[in-house]
Protein chains: 2
Amino acid sequence: MTAVPLAHPHSRQRVAQDGLPSDERWLTVRWKNLRERTVYENRWFRVNLADVRLPDGRHLDHYLIRLRPVAVATVVNEANEVLLLWRHRFITDAWGWELAAGVVEDGEDIADAAAREMEEETGWRPGPLRHLLSVEPSNGLTDARHHIYWAEEASYVGHPEDDFESDRREWVPLKLVPDMVARGEVPAANMAAALLLLHHIRLG
Amino acid sequence: MTAVPLAHPHSRQRVAQDGLPSDERWLTVRWKNLRERTVYENRWFRVNLADVRLPDGRHLDHYLIRLRPVAVATVVNEANEVLLLWRHRFITDAWGWELAAGVVEDGEDIADAAAREMEEETGWRPGPLRHLLSVEPSNGLTDARHHIYWAEEASYVGHPEDDFESDRREWVPLKLVPDMVARGEVPAANMAAALLLLHHIRLG
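Each value, and the rule that gives it
- Residues numbered from 1 in each chain as written.
- Chains lettered and ligands numbered in written order.
- Predicted model: local features only at pLDDT ≥ 70, side-chain atom pairs only at ≥ 80, totals over all residues.
- Heavy atoms only, no water.
- Helix = DSSP H or I, 4+ residues; strand = E, 2+ residues; numbered from the N terminus.
- Buried < 20%, exposed > 50% of the residue type's maximum accessible area, 1.4 Å probe, protein only.
- Contact = heavy atoms within 4.5 Å.
- Areas by Shrake-Rupley, 256 points an atom, 1.4 Å probe, with all protein chains shown as cover.
- Pairing = 2+ DSSP bridges.
- Axes fitted to C-alpha atoms, helices over the stretch in contact; angles between N-to-C directions.
- Phe/Tyr/Trp six-rings, centres within 6.5 Å; stacked < 30°, edge-to-face > 60°.
- Lys NZ or Arg CZ within 6 Å of the ring centre and 35° of its normal.
- Buried area = accessible area lost by both parts, 1.4 Å probe.
- Salt bridge = Lys/Arg side-chain N within 4 Å of Asp/Glu carboxyl O.
- Polar contact = N/O pair within 3.5 Å; in protein donor to acceptor, adjacent residues only side chain to side chain.
- Nonpolar A, V, L, I, M, F, W, Y, C, P; charged D, E, K, R; others polar.
- Least-squares fit on C-alpha atoms with pLDDT ≥ 70 in both.
- pLDDT = per-residue confidence, 0-100.

1. Structural notes on the overall build of chain A
- Secondary structure assignment for chain A yields 4 helices and 12 strands.
- Across the 204 residues in chain A, those meeting the buried criterion constitute 57%.
- In chain A, the share of contacts with a sequence separation of at least 24, taken over all contacts with a separation of at least 6, comes to 58%.
- Accessible area for chain A stands at about 8400 Å²; split by element, carbon and sulfur atoms hold 46% of it.

Right, here's the structure in full:
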């Protein structure tokens with residue numbers, strides 16, 4: 001992502017001028033975060049301003065947002081149906097299929113958080129969860145990491161506690177996933193990636 | 001995503017108490033953004049605090065971050081290889097395969113922005129771009145929208161102007177994509193989704 005307007009840097013020559021070893025090729029593209037300070041914060045995130053050294057030795061002021069990790073979970077049953085939520089997001093004003101997800105609490109195991117969110121949001125308690133994928137939703141701006149888990153069995157424990165987070169919960173055939181994603185019906189990037197990977201794993 | 005700690009809301013009953021039409025089912029889950037004010041801003045984004053009405057009539061203070069749209073592009077050649085960048089992200093301190101991407105400028109057409117970023121970051125000028133996918137990287141916190149395009153041809157115009165954004169640019173066989181994604185080698189969520197969809201489209 002072009003986060004900054006820059007003139008053309010002559011990286012390799014400048015690296016040598018900066019006194020950095022020019023024979024370590026990665027140094028030509030690795031940006032170094034020298035220090036950062038918080039310019040705004042609330043209980044959900046911090047906005048920091050970093051002093052970044054570019055490969056050619058120039059310095060750059062770069063904003064970044066530090067966030068808590070997020071845990072995500074779903075289940076695929078024997079019929080190759082995946083448990084999804086149909087919900088509205090007020091910030092983007094868009095409806096879409098999503099997986100259960102939520103912020104990992106202090107000291108909480110990530111897989112435990114994924115299981116907890118799934119039960120709270122869907123009413124289904126997952127069997128043994130396995131790690132599917134970890135992704136960075138916006139790595140040019142934030143340090144957010146979303147960790148996605150899945151199970152092959154689940155038991156229904158009752159109407160979901162967090163029923164205000166979704167309109168309905170449904171078992172959706174995995175075979176429909178690629179067309180759903182292409183039509184924009186899975187707008188969340190992390191969840192589109194997860195569902196397409198599950199489609200590949202289960203249906204090749 | 002559970003963005004807020006809440007007791008169990010009895011949505012349907014409370015909606016009626018709030019005077020909202022209880023026969024419109026979506027009202028039971030649609031959160032209404034009544035107003036928002038900016039609490040922090042810089043040239044890249046704004047942090048707003050919204051007054052949100054939940055389905056049961058309660059109000060919630062919810063932070064959100066408003067961002068510019070992002071355009072993303074790549075090319076798949078006749079050999080089913082996809083043009084990717086191998087780059088380091090200093091915020092997450094992670095290496096990964098990415099597609100060319102950047103912020104859409106004021107008044108700029110999104111597909112034009114995608115083509116511009118691809119040429120700046122890879123040195124390849126795409127042929128006719130088609131829309132692949134639009135995703136929301138973090139729809140529980142931001143209004144970010146990433147629009148991903150692809151072409152089936154491209155011409156090399158020279159060493160990329162923005163060569164400081166990636167270590168190298170390579171044509172990677174699409175058939176490798178699912179395993180690359182599963183191993184975490186495509187950490188950006190939007191790009192993992194895009195590459196898995198391209199894999200499905202071209203290799204089924």
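2. Details of the sheet that holds strand β6 (residues 94-98) of chain A
All names here are of chain A.
- Read from one edge of the open sheet, 3 strands run β6-β5-β12, paired in antiparallel fashion. Each of the sheet's edge strands pairs with one partner strand only, and the pair in question is β6 and β12 (168-173). Recorded for the sheet is a direction-independent mean angle of 30° between the axes of neighbouring strands.
- Here strand β5 (residues 81-89) runs beside β6; their pairing, made up of 5 bridges, is antiparallel. Bridge pairing links L85 to E98 in β6.
- Where helix α2 (residues 110-122) meets the sheet, it contacts β5 and β12, and its direction lies at approximately 70° from that of β5.

3. Notes on the packing of aromatic side chains
- According to the stated counting rule, one finds 17 aromatic pairs over all chains in the structure shown.
- Judged by centre distance (6.4 Å) and plane angle (50°), the ring pair of Y40(A) and F45(A) falls under tilted. Of the two residues, Y40(A) and F45(A), both sit in the buried class.
- The rings of Y40(A), F45(A), Y63(A), Y40(B), F45(B) and Y63(B) are connected pair by pair, giving a single aromatic cluster.
- One residue, R87(A), lies across the ring of W31(B), its end atom 5.9 Å from the ring centre.
- Its end group placed over the ring of W150(B), R130(B) keeps NZ or CZ at 4.8 Å from the ring centre.

4. Describing the interface of chain B and chain A
- Each partner contributes residues to the interface: chain B has 81 residues there, and chain A has 81 residues.
- A buried area of about 7300 Å², summed over both sides, lies between chain B and chain A, and 62% of it is on carbon and sulfur atoms.
- At the surface where chain B touches chain A, the tally comes to 2 salt bridges.
- At the boundary of chain B and chain A, one finds 16 residue pairs in polar contact (both at pLDDT 80 or more).
- Of all the elements, helix α4 (residues 189-203) of chain B adds the most residues to the side of chain B that touches chain A, at 8 residues.
- Its residues assigned to classes, the side of chain B that touches chain A comprises 44 nonpolar, 17 polar and 20 charged.

5. What to know about the relation of the copies chain B and chain A
- The two copies are related by a screw operation: chain B maps onto chain A through 180° of rotation and 0.0 Å of translation along the axis, at an RMSD of 0.0 Å. Given the turn and translation reported, the copies of this chain are related as if by a two-fold rotation axis. Relative to the rotation axis, the closest C-alpha in chain B is found at A193(B), a distance of 2.0 Å.

6. Quick look at the confidence of the model for chain A
- Here chain A averages 88 in pLDDT, and 86% of its residues register 70 or above.
- The low-confidence segment residues 1-26 of chain A, where pLDDT is below 50, has 56 contacts with residues more than four positions distant or belonging to other chains.

7. Quick notes on the environment of H159(B)
Residues and elements named next belong to chain B.
- Structurally, H159 can be placed in the loop between β11 (154-156) and β12 (168-173).
- Distance from H159 to G123, taken between C-alpha atoms, is 5.3 Å for residues 36 residues apart in sequence.
- Within the structure, the side chain of H159 is placed 2.8 Å from the side chain of D163, a separation counted as a polar contact.

8. Thoughts on the pairing of strand β3 (residues 59-67) of chain B
Residue and element names in this part refer to chain B.
- With 9 bridges connecting them, strand β2 (residues 45-53) and β3 associate as antiparallel partners. Each bridged residue has a counterpart across the sheet, and for F45 the counterpart in β3 is L67.
- Here β2 folds back onto β3, and the loop between the two strands holds 5 residues, one of which, G57, carries a positive phi near 95°.

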